[in-house]
There are 2 protein chains.
Amino acid sequence: MLKLTKKADYGLMALKYLAEHPESPALSAKDVADAYGIPAQLLAKILQRLTKAGMLRSQAGINGGYALAKDARTISAYEVILAIDGPFFITSCSKGAKGCELGPNCTIREPLARVNETIAGVLKSISIQDLAEHESAPASPGCDSKDLITLTG
Amino acid sequence: MLKLTKKADYGLMALKYLAEHPESPALSAKDVADAYGIPAQLLAKILQRLTKAGMLRSQAGINGGYALAKDARTISAYEVILAIDGPFFITSCSKGAKGCELGPNCTIREPLARVNETIAGVLKSISIQDLAEHESAPASPGCDSKDLITLTG
DNA sequence: TGTAATCCCGACCAAATTAGTCGTATACTA
DNA sequence: TAGTATACGACTAATTTGGTCGGGATTACA
Ligand code: SF4
Ligand code: SF4
């Protein structure tokens, strides 16, 4: 539960891989898939989605493939997950959903919605760059994310 | 994706409900289920798990049922989710798992593990009490949760 | 003692979601 | 034009989740 889908996982990995190989003009889906031993066709579909979402550029034909369309540090994990799995909410309801309609009955929805935002915030604060140089460079010194925390009260 | 299961959701609701009715010595699974219109048998199983995990006391027989075994503010959303759905990790791997064994191949696992901890931390900081009085009383003033944030770097 | 209410628990089935495959069309390069 | 690649939708398979059933054990009380 509360798991990232493998697709999102693959997507992040692929993006990270591309970020680590800026020299190549383009890497094919197969290249990346082979590098990690994941199904090439599945990864292809994922990369297509990321392309449509604007974070990759694609090139068909021989020597074609994918390359980052933006700077690695401007792509957040959140965007990636969003593009691959669609909008995410930890509750089944949340705004705009056809989920469980306990509506007024349910008073835990609001606090949970805040948890949701917190998680989204965390995910937004992580860039592909952060993943690539995984020797974790302190990007948020001090307590500038204080707002993320206020959800408990 | 990244969704709370309905079981966990139900569990939180039930706990909140019990927290709101401290006068009753015990409420049956059916009582709670009816209050929210959720399947009684399913809720029963959930409550059993919470009982085994020590956050509820149960009483069989006529006029039996469940009651909180601890103060509502000492029960965190995290415990509840853990008891109902088992250990949660956003990645398929994470320590102790039989998940995807890209092992050394995968360098995104470590940053994601930190995201995981952050989420866990947030969940831990929310008590049943917080859910019950959902007019959100600031429980964490200032920036005492700074550590939750350092995952980005 | 007997009965009704209730918890307990494992096995089971059904629905939903996720993972992965296939087939075909299209684009690009040499 | 041959070969390599993306694009995309439909399909199937695997896994997870949601929910049900049935039998058994406890307890209260008449
Ligand atoms: S129970 Fe409440 S929080 Fe959960 S899905 Fe339904 S309305 Fe949302
Ligand atoms: S790809 Fe990496 S992060 Fe994802 S499950 Fe496998 S080892 Fe873990």
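The sections below set out a description of the structure shown in this document. Here the structure is a predicted model, which means the values were calculated and not measured.

**Regarding the protein's contact with DNA strand D**
Surrounding DNA strand D, one finds 24 residues, the nearest of these being Ala-29, Ser-58 and Tyr-66 of chain A together with Lys-6 and Lys-45 of chain B. Near the protein, meaning within 4 Å, the atoms of DNA strand D are sugar or phosphate in a fraction of 69%, with bases accounting for the rest. One nitrogen or oxygen atom from the side chain of Gln-48 of chain A is found 3.4 Å from a base nitrogen belonging to DNA strand D. Here Tyr-66 of chain A contributes a side-chain N or O atom positioned 3.0 Å from a phosphate oxygen of DNA strand D. Where the surface near DNA strand D is concerned, the elements lending two or more residues are helix H3 (40-52), strand S1 (56-59) and strand S2 (65-68) of chain A together with helix H1 (6-20) and helix H3 (40-52) of chain B.

**Considerations on unusual backbone geometry**
The phi dihedral of Asn-63 of chain A is positive, around 60°, even though this residue is not glycine. Mapped onto the fold, Asn-63 of chain A is located in the loop between S1 and S2.

**Structural notes on the packing of aromatic side chains**
All names here are of chain A. Under the defined criterion, the tally for this structure stands at 2 aromatic pairs over all chains. Consider the rings of Tyr-17 and Tyr-36, whose centres lie 5.5 Å apart with planes at 75°: the pair is edge-to-face. Of this pair, Tyr-17 sits in helix H1 (residues 6-20) while Tyr-36 sits in helix H2 (residues 29-36), and the two are 19 residues apart along the sequence. The buried category is assigned to Tyr-17, whose relative accessible area is 18%. One residue, Lys-124, lies across the ring of Tyr-78, its end atom 4.6 Å from the ring centre.

**Description of the pattern of salt bridges**
Residues and elements named next belong to chain A. Inspection of the entire model under this criterion finds 10 salt bridges over all chains. A salt bridge links Glu-20 to Lys-16, with the nearest nitrogen and oxygen atoms 3.2 Å apart. Highlighted residues: Glu-20 and Lys-16, both in helix H1, separated by 4 residues, approximately one helical turn. The residue Glu-110 makes a salt bridge to Arg-114 at a minimum N-O spacing of 3.3 Å. Taken together, the residues span about one helical turn, with Glu-110 and Arg-114 both in helix H5 (residues 109-124) at a distance of 4 residues. For Glu-110, a relative accessible area of 34% puts it in the partly exposed group. On the basis of relative accessibility, which here comes to 22%, the residue Arg-114 falls in the partly exposed class.

**A closer look at a positive patch on the surface**
All names here are of chain A. Taken together, the side chains of Lys-7, Lys-45, Arg-49 and Lys-52 present a region of like positive charge at the surface. Sort the elements by how many residues they give to the positive patch and H3 lands first, with 3 residues. Structurally, the position occupied by Arg-49 is in helix H3.

**Points about the side chain of Lys-16 of chain A**
Judged by relative accessible area, Lys-16 of chain A falls into the buried class, the value being 2%. Apart from the residues within four sequence positions on either side, Lys-16 of chain A is in contact with Tyr-36, Ile-128, Leu-131 and Ala-132 of chain A together with Thr-107 and Ile-108 of chain B.

Cut-off values and rules
- Residues numbered from 1 in each chain as written.
- Chains lettered and ligands numbered in written order.
- Predicted model: local features only at pLDDT ≥ 70, side-chain atom pairs only at ≥ 80, totals over all residues.
- Heavy atoms only, no water.
- Near = heavy atom within 4 Å.
- Polar contact = N/O pair within 3.5 Å; in protein donor to acceptor, adjacent residues only side chain to side chain.
- Helix = DSSP H or I, 4+ residues; strand = E, 2+ residues; numbered from the N terminus.
- Phe/Tyr/Trp six-rings, centres within 6.5 Å; stacked < 30°, edge-to-face > 60°.
- Buried < 20%, exposed > 50% of the residue type's maximum accessible area, 1.4 Å probe, protein only.
- Lys NZ or Arg CZ within 6 Å of the ring centre and 35° of its normal.
- Salt bridge = Lys/Arg side-chain N within 4 Å of Asp/Glu carboxyl O.
- Patch = residues over 30% accessible without salt bridge, like charges linked within 9 Å, V, L, I, M, F, W, Y side chains within 5 Å.
- Areas by Shrake-Rupley, 256 points an atom, 1.4 Å probe, with all protein chains shown as cover.
- Lys, Arg positive; Asp, Glu negative; His and termini not counted.
- Charge placed at Lys NZ, Arg CZ, Asp CG, Glu CD.
- Contact = heavy atoms within 4.5 Å.

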